[in-house]
Amino acid sequence: MFCCLNQVAYFVGLFVIGLVAMKFGFYVQRNFFRKGYDVHERYGKDSWILITGATAGIGLALTKYSAKVKGLNVILLGRNQEKLEASEKEVKASNPKIKTKTYKFDFTKNSGYKSYLKISEDLKDLDISMIINCAGIEDMRPILTLEEEVMENITLTNVNGLSLLTLIFAKRFAKRDQRSAIINVSSHAGYAPLPGNAQYGATKAFIRSLTKAVGYELRDKLDMLCFSPGYVCTGLCYYRKGFEVVSPDDCGPCIFRDLGYDTENQPSTLHEFIAFIVPPILLVNENIPNLILEPLTKDEFKRMEEIRSKENKKDS
Ligand SMILES: NC(=O)c1ccc[n+]([C@@H]2O[C@H](COP(=O)([O-])OP(=O)(O)OC[C@H]3O[C@@H](n4cnc5c(N)ncnc54)[C@H](OP(=O)(O)O)[C@@H]3O)[C@@H](O)[C@H]2O)c1
C-alpha cells in the first residue's frame, strides 16, 4: 500500500514538474524570442484599428502605440468629444503619417443592438481590420453600498457594449478577405470571485469566457486575444503605486507580440505568474486569493475618494 502511494506521489510530482517546465519554456520563448506578426501583412495594408476607451489610461496608450509603433490608422471611440479631440491630437503628433478619426459614443446611454450596428455602418467606408474593446469601469465597493445605476452602468459598459461590438465586428470581419483581430480587455479580476468588487470581477470573467469561445469558433478568420492585466497605473485604480503595478505603456508591446499566437496574455512577468498560480490555488479553496489580497488601506480609500470627487467636478 505504502509503495503504491509512493509511486502515485512520484508520478503526480513528475506531472507537475513537467507542466511547470513547459509553462516556463513558453514564457522564455514568448518574452525573449517572439517578435509578433507584421500587422500590415497579416491584417491588411493601410487598414484601420478601432479602439474603445481611447481617451484615457490603457486605451489611450494602446491608441498611441498602434499609431506610432505599428503605423495603423486609428479610430478613437469615447464618450467625451473634448477628450477625444485632445487624444486625437496627441496620437496624430506621435505619427503624422497615419490617419485618425474620432467617434463619440457612450456605452451607458446606448444599450440596443441597433445603436452599436450604427457604429459599424457609419464607418463602413474604412477598412477596419482590428478592434480593441478596452472601455471599462469599476466601482470598488461592497455590493450593499452600490446604487442600482452603478451596477447597471458597469454591466452596460463592460459586458453589453463589449459583447455587441464583438458580435458586430466578428460578422463584419468574417466577410473580409484577410484575417482580422479582436482584442478584449479583461483583468486578473476575472480569475476568481472578487468580494468588494463583485460586479466588476464577474464582468471580467464573462469577457475571458466570451473571448476564448468566440476566438475558437472563428479561428480560421480571426485572431482573438483576451488581455488580462493585473494593476495598471491609471485612473481606474486611482493611480495605484507598487511593484505589482505596470504602466499603461507596457500593454501595447505585449498585446501586439502575442496577437495571433496566444488566446490570453498579461503585461509583466509578475502578472503572468499570478495568472498561472491562481487557478490551482482555487482548486484548494476559492477564497484563498481574497485572504491574501491586501484590502485598500484607509489612506488609499481617502485618496480614491478625493480623485473620484475631483473627476466628478470635472465631468459636471
Ligand atoms: N487599470 C487597471 O489596473 C486595470 C487592470 C485590469 C484591467 N483593466 C481594464 O482595462 C480597461 C481600461 O481601463 P483603464 O485602467 O485604462 O481605465 P481608465 O483610465 O479609467 O479608462 C477607461 C476608458 O473607458 C472609457 N469609458 C468609460 N465609461 C465609458 C462609457 N460609458 N462609454 C464610453 N467610454 C467609456 C473612459 O472614457 P472617459 O475618458 O470619458 O472617462 C476611458 O477612456 C478596462 O476595461 C479595465 O477594466 C484595468
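Counting restarts for each chain: residues are numbered from 1 in the order of the written sequence. Since the coordinates come from a predicted model, pLDDT governs what is reported: local features require at least 70, and pairs of side-chain atoms require 80 or more to be given and counted, while whole-chain, interface and lining totals use all residues. Based on all heavy atoms of the structure, the side-chain values leave hydrogens and waters out of the count.

Next up on the list: the site of the ligand. One heavy atom suffices: a residue is near a molecule or strand as soon as one of its heavy atoms comes within 4 Å of it. Around the ligand there are 30 residues in total, and Thr-55, Ile-58, Arg-79, Tyr-200 and Thr-234 lie nearest to it. Note that an oxygen atom of the ligand is positioned 2.7 Å from one of the side-chain N or O atoms of Arg-79. In the environment of the ligand, an oxygen atom lies 2.9 Å from a nitrogen or oxygen atom belonging to the side chain of Lys-204. Areas reported as accessible are Shrake-Rupley estimates using a 1.4 Å probe. Residue values count occlusion only from the protein chains shown. In isolation the ligand exposes 900 Å². Once the protein is present, 94% of that is buried. Among the elements of the structure, α3 (57-68) and α7 (198-217) are those that each provide at least two residues to the shell around the ligand. Any residue outside Ala, Val, Leu, Ile, Met, Phe, Trp, Tyr, Cys, Pro, Asp, Glu, Lys and Arg is labelled polar, Gly included; the first ten of those are nonpolar and the last four are charged. When its residues are assigned to classes, the shell around the ligand shows 15 nonpolar, 11 polar and four charged. Pairing of N or O atoms within 3.5 Å defines a polar contact, subject to two protein rules: one partner must be a possible hydrogen donor and the other a possible acceptor, and residues neighboring in sequence count only if both atoms are side-chain atoms. Strands here are runs of E lasting at least two residues and helices are runs of H or I lasting at least four, both read from the DSSP assignment and numbered beginning at the N terminus.

Our next topic: the sheet that holds strand β3 (residues 100-104). Here the rule is simple: two strands pair whenever DSSP picks up at least two bridges between them. Ordered by their spatial adjacency, seven strands build an open sheet running β3-β2-β1-β4-β5-β6-β7, and the pairing between neighbours is parallel. Of all strands in the sheet, those bounded by a partner on one side alone are β3 and β7 (264-265). Both strand β2 (residues 73-78) and β3 contribute to a ladder of five bridges, which runs parallel. From the neighbouring strand, Ile-75 faces β3, where its bridge partner is Lys-101. Residue contacts follow a heavy-atom distance rule, with two residues in contact if any of their heavy atoms lie within 4.5 Å. Helix axes are fitted only over the stretch in contact, all axes being lines through C-alpha atoms; the angle between N-to-C directions runs from 0 to 180 degrees. Strand contacts of α3: β1 (48-52), β2 and β4 (128-133), with the helix running at about 170 degrees to β1, the strand carrying the most contacts. Contacts from α7 reach β5 (180-185), β6 (222-227) and β7, with the element oriented near 160 degrees to β6.

Relative to the helices and strands, Ser-268 resides in the loop between β7 and α9 (269-284). Exposed residues in this analysis have more than 50% of their type's maximum accessible area, buried residues have under 20%, and partly exposed residues fall in between, with area computed by a 1.4 Å probe over protein chains only. On the basis of relative accessible area, Ser-268 is assigned to the buried category, the value being 19%.

For the rest of this paragraph, the subject is the domain arrangement of the protein. Each domain's extent was defined by an automatic or database domain assignment. Split by domain assignment, the protein resolves into domain 1 (1-33) and domain 2 (35-315). Summarising the inter-unit geometry, the C-alpha centres of domain 1 and domain 2 are found 33 Å apart. Surface buried jointly by domain 1 and domain 2 totals about 620 Å² across both partners, of which 47% is contributed by carbon and sulfur atoms. Looking only at domain 1, the three residues that lose the most surface to domain 2 are Lys-23, Tyr-27 and Arg-30, adding up to 68% of its buried area. By definition, a salt bridge exists where a carboxyl oxygen of Asp or Glu is found within 4 Å of a side-chain nitrogen of Lys or Arg. Linking domain 1 with domain 2 are two salt bridges, by the criterion used here. Residue Asp-262 is joined to Arg-30 by a salt bridge in which the shortest nitrogen-to-oxygen separation is 3.9 Å. At the junction of domain 1 with domain 2, the criterion picks out four residue pairs in polar contact (both at pLDDT 80 or more). Classifying every residue of the side of domain 1 that touches domain 2 by side-chain character gives three nonpolar, one polar and two charged. Put simply, buried area is how much 1.4 Å-probe accessible surface two parts lose in total, over both of them, once they are put together.

Here the phi dihedral of Asp-46 falls at roughly 60 degrees; this positive angle occurs in a residue that is not glycine. When you line up the elements, Asp-46 lands in the loop between α2 (39-43) and β1. The class for Asp-46 is exposed, based on a relative accessible area of 52%. A positive phi is found at Tyr-238, a non-glycine position, where the angle reads about 55 degrees. Following the sequence through the fold, Tyr-238 ends up in the loop between β6 and α8 (251-258). Look at Tyr-238 and you get buried, because its relative accessible area is 12%.

This brings us to the UniProt feature "transmembrane region" (unreviewed entry) in the protein. According to UniProt, the "transmembrane region" (unreviewed entry) feature falls on residues 7-28 and 48-67. The span residues 7-28 shows a helical share of 100% and a strand share of 0%, and its end C-alpha atoms are spaced 31 Å apart. Counted over residues 48-67, helix gives 55% and strand 25%. Its end C-alpha atoms are 10 Å apart. UniProt positions are given in the numbering used here, feature names are shortened, and annotations may be inferred rather than shown by experiment.

A word on α8. Of all eight residues that make up α8, seven are buried, and the element is covered over most of its length. Taken residue by residue, α8 has Cys-251, Gly-252, Cys-254, Ile-255, Phe-256, Arg-257 and Asp-258 as its buried positions. The positive-phi residue at the C-terminal boundary of α8 is Gly-260, with phi of around 95 degrees.

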